[in-house]
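An overview of the molecular structure
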Amino acid sequence: MNDMQTAIALSSMIENHMMPQEFTLQLTKALIPAGVNICFAGLSDSGKCNVLLTSIKEGMGPDERIVTNIDQCREISCHNEEVTVDNILRLAKETDPHRIVVDLKSSEILEVSEILESMPWVSLVAAVYADNVEQLRFKIWKMFAARRISIPEEYLDQQINEMFDVVLFFKKMWSGQRVLDSVVEVGLGEYRVIYSFNYNAYEKSLGSSPMFIWEMGQYFSSEFSAKITARSGCFVPGKPTIS
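These remarks concern the structure in this document.

Reading the values: rules and limits
Residues numbered from 1 in each chain as written. Predicted model: local features only at pLDDT ≥ 70, side-chain atom pairs only at ≥ 80, totals over all residues. Heavy atoms only, no water. Axes fitted to C-alpha atoms, helices over the stretch in contact; angles between N-to-C directions. Helix = DSSP H or I, 4+ residues; strand = E, 2+ residues; numbered from the N terminus. Parallel < 35°, antiparallel > 145°, perpendicular 65-115°, else oblique. Contact = heavy atoms within 4.5 Å. Nonpolar A, V, L, I, M, F, W, Y, C, P; charged D, E, K, R; others polar. Salt bridge = Lys/Arg side-chain N within 4 Å of Asp/Glu carboxyl O. Buried < 20%, exposed > 50% of the residue type's maximum accessible area, 1.4 Å probe, protein only. Pairing = 2+ DSSP bridges.

1. Quick notes on the packing of helix α6 (residues 133-146) against helix α7 (residues 153-163)
Axis angle and axis distance: for two packed helices, these are the angle between their axes and the distance between the axes, and together they describe the pair. One way to put it is that α6 packs onto α7 with a least axis distance of 10 Å and a crossing angle of 95°. Between α6 and α7, the angle is such that the two are roughly perpendicular. Each of Arg137, Ile140, Trp141 and Phe144 in α6 lies in contact with α7, whose residues at this interface are Glu153, Leu156, Asp157, Gln159, Ile160 and Met163. By residue class, the composition of the contact of α6 with α7 is six nonpolar, one polar and three charged.

The structure is reproduced here in structure tokens:
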């Protein structure tokens, strides 16, 4: 994972305009403590892995058990073995983790899917090489295809929905600045953009940080908001209901 070097405090990411403060707090105070399945997506050197590492360390509970194949997370794992496709399923069954944290590739996709299906209390935090929703859909399909399982188009979104609740997309700008491009809630055949980076403001500012703006597109769904708020004790705004 060449874009994960050392963890940078999320407060520094806010100060450097990599992420909006409101969502950063939701991530570490609500989504991660609630055990949401999160995908950190982006291309190489986009910053996705650094945010994954920092978010996990700041948001996880002190007694959590984690199975991971990411070297930089080994210090917080509940095992001493190097995780491979040959032992990840066994380690999950032996340690009964709260969550698995993986650099997700085709070599682990079937085993990770089996863990989520057979141990539904385990949450998934994964880094995936994808730049947008369409690339993510193709990437997941390609991972399964590499293991000789072809997912029909009409079932692909269901598979992604079973794996992830939220996807965070990261990008590296022409100026070298890394930013949270968008936050997407995954539904059944629906990808709802919650936050998005304002590229027009960025272009007008010529890359100067005071003009970095994130726009809120939609609220999290009311069901998702209620679940996260109940699990974490931290209120996450949901779609208003009309009485």
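2. A short note on the pattern of salt bridges
The tally for this structure, following the rule as stated, stands at 14 salt bridges. The salt bridge partner of Arg137 is Glu153, with a shortest N-O separation of 2.8 Å. Here Arg137, found in helix α6, pairs with Glu153, found in helix α7; they are 16 residues apart in sequence, far enough to count as distant. Since its relative accessible area comes to 9%, Arg137 is described here as buried. Residue Glu153 is classed as exposed on the basis of its relative accessible area of 53%. With a closest N to O distance of 4.0 Å, Asp181 and Lys171 form a salt bridge. Of this pair, Asp181 sits in strand β6 (residues 178-187) while Lys171 sits in strand β5 (residues 166-172); the two residues are 10 residues apart in sequence, bridging distant segments of the chain. In the salt-bridge network here, residues are joined through shared partners; they are Glu134, Arg137, Glu153 and Asp157.

3. Some words on the environment of His17
Position of His17 among the secondary structure elements: in the loop between α1 (10-15) and α2 (21-31). For His17 and Ala130, which are 113 residues apart along the polypeptide, the C-alpha to C-alpha distance reads 22 Å.

4. Regarding the sheet that holds strand β2 (residues 66-68)
Note: strands within a sheet are paired through backbone hydrogen bonds, in either parallel or antiparallel orientation. The sheet built from eight strands is open, its strands ordered β2-β3-β4-β1-β5-β6-β7-β8 with mixed pairing. For this open sheet the edge positions go to β2 and β8 (214-216), each flanked by a neighbour on one side alone. Each adjacent strand pair in this sheet contributes to an overall mean axis angle of 20°, direction not counted. As judged from the five bridges shared by strand β1 (residues 38-42) and β5, these two strands associate in the parallel manner. For Phe40, the partnering residue across the bridge sits in β5 and is Leu168. Across the sheet, helix α3 (residues 48-59) is in contact with β1, β2, β3 (99-103), β4 (123-129) and β5; its angle to β4 comes to roughly 165°.

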